[in-house]
Each structure stands twice: as structure tokens, then as C-alpha cells.
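# A structural walkthrough
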Amino acid sequence: MSARPTPFLQLRKPVSRRQKLLSALAIWVLFFGIWIVASASGLVNPLLVPAPQQVFATTFDLFFSRGFGSDVLISISRVLIAFALASAVAVPLGVMMGSFPAIEAFFAPFVSAWRYLPAPSFIPILLMWFGTGEAPKLALLFLGVIFFLITLIMDHTKNVREELVETALTLGAPRHKVVARVIFPAVLPDIVTAMRQMLAMTWTYLVIAEIVASTTGIGAMMMRARRFLNTDEILSGIVVIGVLGLLFDLTFSALHRWAFPYLRKA
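Residues numbered from 1 in each chain as written. Predicted model: local features only at pLDDT ≥ 70, side-chain atom pairs only at ≥ 80, totals over all residues. Heavy atoms only, no water.

You'll find the protein chain entered in an unreviewed UniProt entry as ABC transporter permease, with Thioclava electrotropha given as the organism. A UniProt comment under Subcellular location (unreviewed entry) is attached to the protein chain, and it reads "Cell membrane". (UniProt positions renumbered as here; feature names shortened; annotations may be inferred.)

Now the structure itself:
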């Protein structure tokens, strides 16, 4: 009796590596295929939506003829610096809030209120406080991610198994050692996952941070292109940000697999 074929859609069943690669390739082929057909058939205005081959040619020209690589490096440095500063505050504070209800009761109303304030609304006051240098850009990226990151880490910390904490306390471990040697190692994989998620948010605020009184960075290049209706350059900037975001996401994913191999499912 022949075996029944495996259904393509299965509930919560992992797919093979081959299927993952084929699916990832298929969605991009479909996306660029639709874009190429729409451009070639005249369904879209070429001034507003240039063909993908034109965008890639412009991207090549930007990097190798117009020094766009320096703008990309500047943008990367801004994202990394702001995210590192936000993580340096959010990780310890989030763990402490998730471990001690008294600390959560003190900070949670403040953090929750700031989470609902859109970071771009701070642009005028940041410019008044810090001028037009690097500080307001870093501050905007910092504010855009820190309160969400604190909340995610706090929630993950609360989900650490209660029996682990109770066992450590029963054995006589002091509170600071329970946090440092039981709670923090247990929640660390989820902290890395939360950082991976929030790094994406930092990239989403990058262009907003760089369009304000800035002459360098990917966002500044895109704003210059807007003034001259160079849509291909704007789309090149979007493509570059997307590629960079994907590379950082893959890096975090690889770091997670390397640092926590025991979490892999058999």
C-alpha cells in the first residue's frame, strides 16, 4: 500500500530546509516578476515606478561612482550606536522589572505612557535641545525602540518558570544571585529574540531621523533624490535598507542558533 503524500499545508509542522529555500526564492521571483511586467506593459508611470533593472543599475552607480557606500556606513553606525545604547538600558531594566513587582510598579506606568508617544513627534524638541548634529538623530532612534524593548524583555522575564526561582530561593540563594544566575540565563534567549525584533524597528525610524537637517546617510540621499524627482534613487535607498535589515536579521538569527544550540528542535 502506497504511502499517502504529505500535505503542503500542515498545522505547526516544520518544513524542510529545501522547502524554505524554494519558498523564499518563489516569493521574490513573484514580486519582481509582477514589477517587471507592470513596468514593461505600461501599467505604471515609469517616472514614479521605474523598472527594477533601472533601480539596480542606479544602485550600482550610487555605490561605485557617487560614494553612496559612505552614506550606508554612516547609517549603519547610527543604527548600531542608538540600538546599543537602548539595549544597555532596556536589558537590565526589563529584567529587573520582570523579576521584582515593586520595580515594575514604579517604572511600568512611565514606560507604558512613553510607548504610545510617536518618536517622530520629538523631532522639533530634539533639534532645539541638541542642534543639527548627530545627537538628535541618535536620540530619535533611541526613543523609537527603548520603551518597546523594555516591555518585551519584562514580559519574557515574567515567563521564566516559577519553579526555577523557588528552587533557588529554597536552597538559600540570595536575590541578586537568583536574578543573575537563574532568571537572566533562562530569559537570555528571549532577550536576543526581542533585540532582533526591535532592531527592525530601529531601521524603520532611520529615514525619519536622517531627513531632518542631515546631509549624510541613506535618508539624506533619498531626500535629495526627491527634490529632483529621481524615483530610481529613492527606490535604491529602500532596497539597500531592506537588504541591510535582512542581513542584520539573519545575523541575529545565526547568533541565536550559535549561542543557544540546546533550543533547537530535534
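On we go from here.
## Observations regarding the UniProt feature "transmembrane region" (unreviewed entry) in the protein chain
UniProt feature "transmembrane region" (unreviewed entry): in the numbering of this structure it lies at residues 21-44, 72-95, 107-130, 136-154, 203-222 and 234-255. The span residues 72-95 carries 100% helix and 0% strand; its end-to-end C-alpha distance comes to 33 Å. The span residues 234-255 is 100% helix and 0% strand, and its two end C-alpha atoms sit 32 Å from each other. (Helix = DSSP H or I, 4+ residues; strand = E, 2+ residues; numbered from the N terminus.)

## Notes on the side chain of H256
Mapped onto the secondary structure, H256 falls in helix α11 (residues 231-259). A distance of 3.4 Å separates the side chain of H256 from the side chain of T193, its partner in a polar contact. In contact with H256, other than residues within four places in its own chain, are P189, V192, T193 and L263. (Polar contact = N/O pair within 3.5 Å; in protein donor to acceptor, adjacent residues only side chain to side chain. Contact = heavy atoms within 4.5 Å.)

## What about the pattern of salt bridges?
Within this structure, the stated rule accounts for 7 salt bridges. In this structure, E134 engages R78 in a salt bridge whose closest nitrogen and oxygen atoms are separated by 2.6 Å. Here E134 is found in helix α6 (residues 134-158), whereas its partner R78 is found in helix α3 (residues 68-99), with 56 residues between them in sequence. Overall, the relative accessible area of 2% leaves R78 in the buried class. One continuous salt-bridge network, built from bridges that share partners, spans D61, R66 and E233. (Salt bridge = Lys/Arg side-chain N within 4 Å of Asp/Glu carboxyl O. Buried < 20%, exposed > 50% of the residue type's maximum accessible area, 1.4 Å probe, protein only.)

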